[in-house]
Amino acid sequence: MVARPGRLQSAFTAGELDPHLHERTQLKYFQTGADHMENVVAIPQGGFGLRGGLVDIGAVNAAAERLFGFKASDGSAYDLIFSPGNMEAWDATQKLQDLAIGGLTAGMLSELNDAQQLDTMLLFHEDLQPQRLKHGGPSNWSLDVAPLTDLPSYDYGGPIGGGSYTNGVAAVWRLEFVGLTGGSSIFVLTVSQEETVSITYDGNMGALASAIQTAILDLPNVEPGITVTSAGGTKLNITFSGTGNEGDGWAVSGNVINKADAAILAAKTTIGVAPGEDVISADRGWPRCGLFYSQRLLVGGFKSLPNAWMFSLQGGYFNFDERFSAANGPALVPMDVEGGEVVLQMVNSRNLAIFTSNGEYWIAERGLDRTEPPNHVQAGERGVKPGVKVVKNEGALNFISSTGSVVGEFRYTDAEGNFISRDISLLGAHLIIDVKDQAMRRAEKSTSGNLNGIVLDDGQARLATLLREQDVTALARMTSNGGLFKAVSVNGRNEMSYLVERPAGRRLERLTTGYLLDEAYLFDFPSPETSITGLSRFEGREVWVIGDDNVLGPYNVAGGSLTLDYPVSTGYVGTWSPPKVTTLSPPREVSANVVVKRKARIHSAKISLLDTTSIALGINDGPLKEVALQRFGLTADVPELQQGVTETITVRGLTGFHDEPKLTISQLRPGKLTVRSVTIEAAL
């Protein structure tokens with residue numbers, strides 16, 4: 001008998017492809033893509049399997065909108081849930097504490113940012129004074145205003161309401177002349193690295209002051225307005241007054257040229273203060289983001305100075321006193337960028353990365369030095385969306401573009417000697433629209449990739465399997481019985497959690513590998529029982545039960561309970577959202593650049609399965625048909641979920657001609673499902 005040739009697809013590592021790519025049969029990703037992927041994750045080694053189920057942790061505030069992970073210094077991990085004026089701290093199973101946050105409004109939540117280190121988390125928003133959240137134990141959380149001290153002064157052109165600043169202080173340096181001879185000793189002064197012309201010493205201090213003032217005013221770095229006056233004896237004062245000379249950025253020294261036993265002593269007697277006001281305040285607004293980095297606190301994106309950021313004293317996280325003039329001192333850093341550009345995220349990577357509304361930058365210097373302005377190197381021009389975290393993935397940084405419709409990757413390459421910024425969601429661009437939140441879960445085992453959880457503004461969710469070194473970027477849809485997703489986060493236990501809007505209210509749910517159901521309510525009876533109570537949140541809804549590794553249901557919950565067909569001891573109750581994977585239409589190319597464009601039929605399919613208990617197939621979006629995996633039925637006294645099939649099944653006699661014939665793999669009842677490969681035989 002002649003073998004029937006078919007098209008084999010053993011990998012789905014390109015995920016669901018954008019409809020614009022469905023005719024790109026020569027594209028290498030066409031061979032590893034799908035028309036539709038829902039509630040599954042791509043397996044980097046090949047094929048796909050079910051995503052984890054959502055285990056219910058508990059009810060949260062009805063207005064909860066943000067979810068942050070917190071890892072304390074003792075290694076304990078928490079989920080922090082934010083709603084208007086409130087924060088909830090949760091551990092693995094329960095809520096530990098509510099904490100009021102004054103001034104945190106509903107409108108701020110979408111753009112709320114955090115910075116966390118050890119037992120301290122700072123919260124940032126341009127209209128909220130930075131808050132400091134402190135962990136003192138599982139149920140011992142406290143909140144106060146972040147104690148940012150000695151803030152840099154900035155000239156905003158005058159105080160709010162008009163007028164001019166009156167708080168400027170001119171720097172004053174004193175010179176004392178020792179051992180110089182009038183009329184013959186010659187000296188020079190150095191003012192902030194600029195050297196004056198030679199000056200002849202004059203014992204008349206008034207005449208000497210006039211000569212020095214003239215010489216200093218001739219320097220290119222000094223503006224008119226400075227004065228040099230006698231301070232008694234052989235001393236003079238240099239006062240750096242006048243517009244353009246404000247502040248404390250002056251250094252003065254003297255050197256006698258022709259007399260070895262003479263000297264000029266220079267000392268600062270008054271610290272200069274530039275006129276202005278605190279760069280952040282209740283009047284001027286607050287920073288949008290922050291980061292603990294290199295033993296400093298960085299904050300940036302100020303409401304009134306959006307293109308600037310500043311760093312604290314090294315080792316003094318809340319001290320921004322610019323009078324520390326050494327390399328470890330604080331500094332205010334305005335970026336040389338176009339007007340309107342806003343600093344939105346700062347991330348610690350190979351180099352410090354700064355993401356703005358218009359671009360992606362990195363700081364060339366590894367360390368921050370007050371004496372050397374940071375060199376901002378631009379690597380991309382997409383910008384990031386306010387409030388959506390930048391997440392780490394295999395040494396790269398993944399971000400959501402300012403439009404909310406691109407997942408970008410920011411990473412360093414030795415070939416370029418630079419960071420590069422590229423679009424990694426292009427193949428599934430139709431799935432990434434108006435992203436509002438994202439999080440990254442590290443691979444749980446060697447046979448999985450990192451999992452990027454994405455939440456959209458309209459409540460939809462996406463799951464992307466990412467393994468950059470193996471060129472795996474597989475986007476898939478995530479649905480959950482009509483639930484609307486509000487936020488996603490990954491905590492210190494590497495658990496991905498969601499805020500989900502359900503009929504019974506907003507819930508905290510955790511994506512857990514191995515679970516087949518969502519909203520899962522766990523039970524464990526001392527002895528087998530048929531009645532399960534405590535199900536009021538499922539009232540009037542259809543649920544399934546996984547009990548003692550058997551699949552039972554569906555049941556309709558009435559009176560907050562249900563009765564099983566037979567007693568079970570342990571398991572869980574939940575709702576079910578079936579998986580769905582639809583293949584791309586087979587290529588029609590019969591020879592080089594020659595195709596057959598007519599209606600075609602998929603007549604057979606061979607599905608290679610691994611430990612699978614339930615599968616259904618459909619053709620051309622038609623009805624699904626259950627495929628029997630056990631020739632003689634299930635083995636008695638062995639739980640259903642322990643009778644998984646690992647083999648290649650063949651289904652023949654599929655009917656229906658179509659312009660774009662497609663095969664759909666799904667389920668009609670919950671069960672385990674892992675597909676290693678799909679072979680389609682078609683009449684073209």
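Before reading on, note that the structure itself is shown above.
Quick caveat: nothing in here was measured; it's all calculated off a predicted structure. (Residues numbered from 1 in each chain as written. Predicted model: local features only at pLDDT ≥ 70, side-chain atom pairs only at ≥ 80, totals over all residues. Heavy atoms only, no water.)

J.: Hey, could you go over the overall build of the protein for me, with residue numbers and the actual values?
T.: Helices and strands together make up the secondary structure of the protein, namely 1 helix and 58 strands. Seen through its C-alpha atoms, the protein measures out along the principal axes to roughly 120 × 65 × 45 Å. Of all 684 residues assigned to the protein, the portion counted as buried reaches 53%. Long-range contacts, defined as pairs at least 24 residues apart, comprise 60% of the intrachain contacts of the protein with a sequence gap of at least 6. Accessible area for the protein stands at about 28700 Å²; split by element, carbon and sulfur atoms hold 49% of it. (Helix = DSSP H or I, 4+ residues; strand = E, 2+ residues; numbered from the N terminus. Buried < 20%, exposed > 50% of the residue type's maximum accessible area, 1.4 Å probe, protein only. Contact = heavy atoms within 4.5 Å. Areas by Shrake-Rupley, 256 points an atom, 1.4 Å probe, with all protein chains shown as cover.)

J.: Account for the sheet that holds strand 27 (residues 296-300), naming residues and giving values.
T.: Spatial strand order, 26-27-28-29: 4 strands in an open sheet with antiparallel pairing. Only two strands of the sheet have a single neighbouring strand rather than two, namely strand 26 (289-293) and strand 29 (331-334). With strand direction ignored, the average angle separating the axes of adjacent strands in the sheet is 20°. Here 3 bridges tie strand 27 to strand 28 (residues 308-311), and the two strands are oriented antiparallel to one another. (Pairing = 2+ DSSP bridges. Axes fitted to C-alpha atoms, helices over the stretch in contact; angles between N-to-C directions.)

J.: How would you sum up the nonpolar core? Please name residues and give values.
T.: Counting 28 residues, the largest nonpolar core has Phe177, Phe187, Leu208, Ile212 and Phe240 as its most contacted members. Those elements giving two or more residues to this core turn out to be strand 17 (171-178), strand 18 (186-191), helix 1 (205-217), strand 22 (235-240) and strand 23 (252-256). In this structure, Phe12, Ala34, Leu609 and Ile619 belong to the second largest nonpolar core, which totals 26 residues. (Core = buried A, V, L, I, M, F, W, Y, C linked by side-chain atoms within 4.5 Å.)

J.: Pulling in residues and values, what's your account of the sheet that holds strand 31 (residues 352-356)?
T.: Taken in spatial order, the 4 strands make up an open sheet running 30-31-32-33, and their pairing is antiparallel. A single partner strand is all that each edge strand has here, and the edge strands are strand 30 (343-348) and strand 33 (376-380). Put simply, the sheet's adjacent strands are angled 25° from each other on average, direction ignored. With 5 bridges joining them, strand 30 and strand 31 adopt antiparallel strand pairing. Paired with methionine 346 across the strands is isoleucine 354, a residue of strand 31.

J.: Which residues make up helix 1, and what values go with them?
T.: Here helix 1 contains 13 residues, and its C-alpha end-to-end distance of 18 Å stays within 8% of the 18 Å for a straight helix at 1.5 Å per residue. Taken as a whole, helix 1 has its buried residues at Met205, Leu208, Ala209, Ile212, Ala215 and Ile216. End-on view of helix 1: buried residues confined to an arc of 130°, all on one side of the axis. Of the surrounding secondary structure, the elements contacted by the buried residues of helix 1 are strand 17, strand 18, strand 20 (199-200), strand 21 (227-230) and strand 22. By the N-cap criterion, in which a side-chain oxygen at the helix start approaches the backbone nitrogen of a residue two or three places on, helix 1 is capped by asparagine 204, the distance to glycine 206 being 3.0 Å. (Expected span 1.5 Å × (residues − 1). Arc of directions from axis to C-beta. Polar contact = N/O pair within 3.5 Å; in protein donor to acceptor, adjacent residues only side chain to side chain.)

J.: Pulling in residues and values, what's your account of the packing of aromatic side chains?
T.: For the coordinates displayed, the defined rule picks out 20 aromatic pairs. Taken together, a centroid distance of 5.1 Å and an interplanar angle of 90° make the contact between tyrosine 78 and tryptophan 141 edge-to-face. One end of the pair, tyrosine 78, is in strand 9 (residues 77-83); the other, tryptophan 141, is in strand 15 (residues 141-145), and 63 residues separate them in sequence. A relative accessible area of 3% means that tyrosine 78 is categorised as buried. A connected cluster of aromatic rings, assembled from ring pairs, spans Phe355, Trp362, Phe399, Phe410, Tyr412 and Phe419. A cation over an aromatic ring shows up here: lysine 389 above the ring of phenylalanine 68, its NZ or CZ 4.8 Å from the ring centre. (Phe/Tyr/Trp six-rings, centres within 6.5 Å; stacked < 30°, edge-to-face > 60°. Lys NZ or Arg CZ within 6 Å of the ring centre and 35° of its normal.)

J.: Lay out the pattern of salt bridges in plain terms, naming residues and giving numbers.
T.: A complete count under the given rule lists 34 salt bridges for this structure. One salt bridge connects lysine 259 with aspartate 261, and the closest N-O pair in it is separated by 2.8 Å. A network of salt bridges, in which partner residues are shared, links Glu65, Lys436, Glu501 and Arg506. (Salt bridge = Lys/Arg side-chain N within 4 Å of Asp/Glu carboxyl O.)

J.: Quick one: what's the story with the environment of glutamate 322, residue by residue and with numbers?
T.: By the secondary structure assignment, glutamate 322 is in the loop between strand 28 and strand 29. The partly exposed category is assigned to glutamate 322, whose relative accessible area is 31%. Spatially, the C-alpha atom of glutamate 322 lies 29 Å from that of alanine 215, the residues being 107 residues apart in sequence.

J.: Go over the pairing of strand 36 (residues 407-413) with me, naming the residues and quoting the values.
T.: Most of strand 36 sits out of view: 6 of its 7 residues are buried. Relative to strand 36, strand 35 (residues 396-400) runs antiparallel, the two sharing 4 bridges. The residue of strand 36 that forms the bridge with isoleucine 400 is valine 407. Hairpin connection, strand 35 to strand 36: the antiparallel pair is bridged by 6 residues, and glycine 404 has positive phi, about 80°. Where strand 36 meets strand 37 (residues 418-423), 6 bridges bridge the pair, whose relative direction is antiparallel. If you follow tyrosine 412 over to strand 37, its bridge partner there is phenylalanine 419.

J.: Report on a nonpolar patch on the surface, specifying residues and quantitative values.
T.: Nonpolar side chains collect at one region of the surface, where Val169, Ile271 and Val273 lie side by side and expose about 200 Å² of accessible area between them. The topology assignment puts isoleucine 271 in the loop between strand 24 (263-270) and strand 25 (277-278). (Patch = residues over 30% accessible without salt bridge, like charges linked within 9 Å, V, L, I, M, F, W, Y side chains within 5 Å.)

J.: So, the side chain of serine 677: which residues are in play, and what are the values?
T.: Take serine 677: it is sitting in strand 58 (residues 674-683). Overall, serine 677 belongs to the buried group, its relative accessible area being 14%. Setting aside residues up to four positions removed in sequence, serine 677 forms contacts with Leu8, Gln9, Ser10, Lys606, Ile607 and Ser608.

J.: Before we move on, can you summarise the pairing of strand 18 with the specific residues and values?
T.: Along any regular strand, the residues point their side chains to alternate faces of the sheet. Here strand 18 pairs with strand 20 via 2 bridges, running antiparallel. Bridge pairing in strand 20 places isoleucine 186 opposite threonine 200. One ladder, built from 5 bridges, connects strand 18 with strand 23; its direction is antiparallel. In the strand pairing of strand 23, leucine 189 is matched with glycine 254. Bridge analysis of strand 18 against strand 19 (residues 194-195) gives 2 bridges, and the strand direction is antiparallel.

J.: Explain the environment of leucine 634 to me, and be specific about the residues and the numbers.
T.: Inspection of the secondary structure puts leucine 634 in the loop between strand 54 (625-626) and strand 55 (648-652). On a C-alpha basis, the gap between leucine 634 and methionine 121 in space is 54 Å, while along the polypeptide they are 513 residues apart. Excluding its chain neighbours within four sequence positions, the residues that come into contact with leucine 634 are Glu640 and Gln643.

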